[in-house]
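# Working through the structure, step by step
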Amino acid sequence: MYNMQWIIAFLCITYIKGSMIIVPETKSPYDILWHDFSSPSPYNDNIENISETTAVNEPFFDETSSQVNVSAQLGNDAILHCRVNDLREKTVSWLKRKGEQLHLITIGASTYSGDSRYSIEFKPPNDWQLQIKYVNERDEGQFECQVNTQPSLALVVSLEVIVPRVEIIDERGLRTPDKFYKSGSTIELKCVISKMPQPTNYVTWKHGLRMLNYDTSRGGISVKTNLNSMGAVSRLYIANANKYDNGNYTCSLGESVQTTVTVHILNGENPAAAQHSETDSANFLIPLNHMLIYTLLLISLINYR
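The structure displayed is predicted, hence computed values, not measured ones. (Residues numbered from 1 in each chain as written. Predicted model: local features only at pLDDT ≥ 70, side-chain atom pairs only at ≥ 80, totals over all residues. Heavy atoms only, no water.)

## Some thoughts on unusual backbone geometry
- The linkage connecting P124 with the following residue, P125, adopts the cis geometry, with an omega of 10°.
- Tracing the backbone shows P125 in the loop between β8 (118-123) and β9 (127-132).
- Here Q150 and P151 are connected by a cis peptide whose omega angle stands at -5°.
- As for its position among the elements, P151 is in the loop between β10 (141-147) and β11 (153-162).
- Residues other than glycine seldom take positive phi values, yet K195 does so here, at roughly 55°.
- With respect to the helices and strands, the residue K195 is situated in the loop between β14 (187-194) and β15 (203-207).
- Judged by relative accessible area, which is 55%, K195 ranks as exposed. (Helix = DSSP H or I, 4+ residues; strand = E, 2+ residues; numbered from the N terminus. Buried < 20%, exposed > 50% of the residue type's maximum accessible area, 1.4 Å probe, protein only.)

## Considerations on the sheet that holds β8
- Read across the open sheet, the three strands follow the order β3-β9-β8; overall the sheet is antiparallel. Looking at the sheet topology across the chains shown, the edges are occupied by β3 (78-80) and β8. Direction aside, the axes of adjacent strands within the sheet are offset by 30° on average.
- Note: β8 against β9, six bridges, orientation antiparallel. Its bridge partner lying in β9, K123 is registered against D127. (Pairing = 2+ DSSP bridges. Axes fitted to C-alpha atoms, helices over the stretch in contact; angles between N-to-C directions.)

## Side note on the side chain of T259
- Mapped onto the fold, T259 is located in strand β20 (residues 257-266).
- For T259, the side chain forms a polar contact with the side chain of R175, separated by 3.1 Å.
- The contact partners of T259, leaving out residues within four places of it in the chain, are V166, E167, I168, R175, Y249, T250 and C251. (Polar contact = N/O pair within 3.5 Å; in protein donor to acceptor, adjacent residues only side chain to side chain. Contact = heavy atoms within 4.5 Å.)

## Notes on the state of the cysteines
- Going through the model one piece at a time under the given rule, you end up with two disulfides.
- The side chain of C82 participates in a disulfide bridge whose partner is C145; the two sulfur atoms lie 1.9 Å from each other. The sign of the S-S torsion, about -75°, decides the handedness of the disulfide formed by C82 and C145: left-handed. One end of the pair, C82, is in the loop between β3 and β4 (84-85); the other, C145, is in strand β10, with 63 residues separating them in the sequence.
- Judged by its relative accessible area of 0%, C82 falls in the buried class. (Disulfide = S-S within 2.5 Å.)

See the structure below:
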């Protein structure tokens with residue numbers, strides 16, 4: 001009887017175990033999504049490496065400032081520099097600003113200006129030079145060196161054209177239109193040149209159209225030019241002055257700036273007295289002119305009445 005009870009109990013236990021359903025462990029949709037976004041991807045490292053290796057360096061200027069100031073003396077050549085690094089396939093252009101407008105001068109190695117004085121020259125490793133020959137006052141202003149990036153890069157170069165001052169002065173250091181010398185004396189003319197940032201010996205003297213610096217036919221002519229920090233002083237000496245030395249004398253700095261004085265050679269008369277006499281005559285004519293104008297006005301009034 002006891003054996004039967006044990007057999008029945010064993011069968012019941014076996015039946016219960018067989019009827020149990022084993023449900024596998026599942027994850028919620030939120031767990032799955034979190035796993036997809038948070039789990040390390042085998043491609044992450046490759047993506048980072050690709051972004052690092054494919055980055056392109058943008059062009060940039062050597063200049064730390066976006067504006068550069070340049071000066072050139074009137075009549076000399078000017079060179080405007082534009083040094084660009086990492087240019088790669090980009091292009092450099094030069095433009096001139098006139099008011100609110102920009103006028104194209106160069107693109108790459110080609111020049112598009114109608115002014116033949118303008119040209120472009122590339123100096124390795126990175127200098128795109130805009131060259132201007134024989135600068136004049138119209139060249140003064142702002143130039144832009146541009147690189148066609150997005151947005152475009154621009155370097156502004158401001159050109160100042162310095163016009164030297166040339167004066168022929170007398171013994172008192174005053175500018176004079178006339179000089180008087182006694183026949184047989186030595187003519188001495190002093191020409192002072194200032195505002196000259198680039199000192200030069202290229203100072204010439206002319207009597208009319210005749211160059212005096214290298215004149216050996218007359219003899220007794222010498223020119224001495226001394227440079228200083230402010231400019232230059234040039235002196236013209238002509239020994240044993242005679243009537244043929246009368247006329248206009250011109251002091252020139254290159255072909256750009258000049259001034260003229262008229263030399264008078266006097267026979268036997270004191271030069272200072274002649275100059276004083278000419279001044280007195282001019283002073284006498286001033287009130288005479290005023291009296292003449294007053295008389296004409298009076299006659300006009302009488303006729304009007």
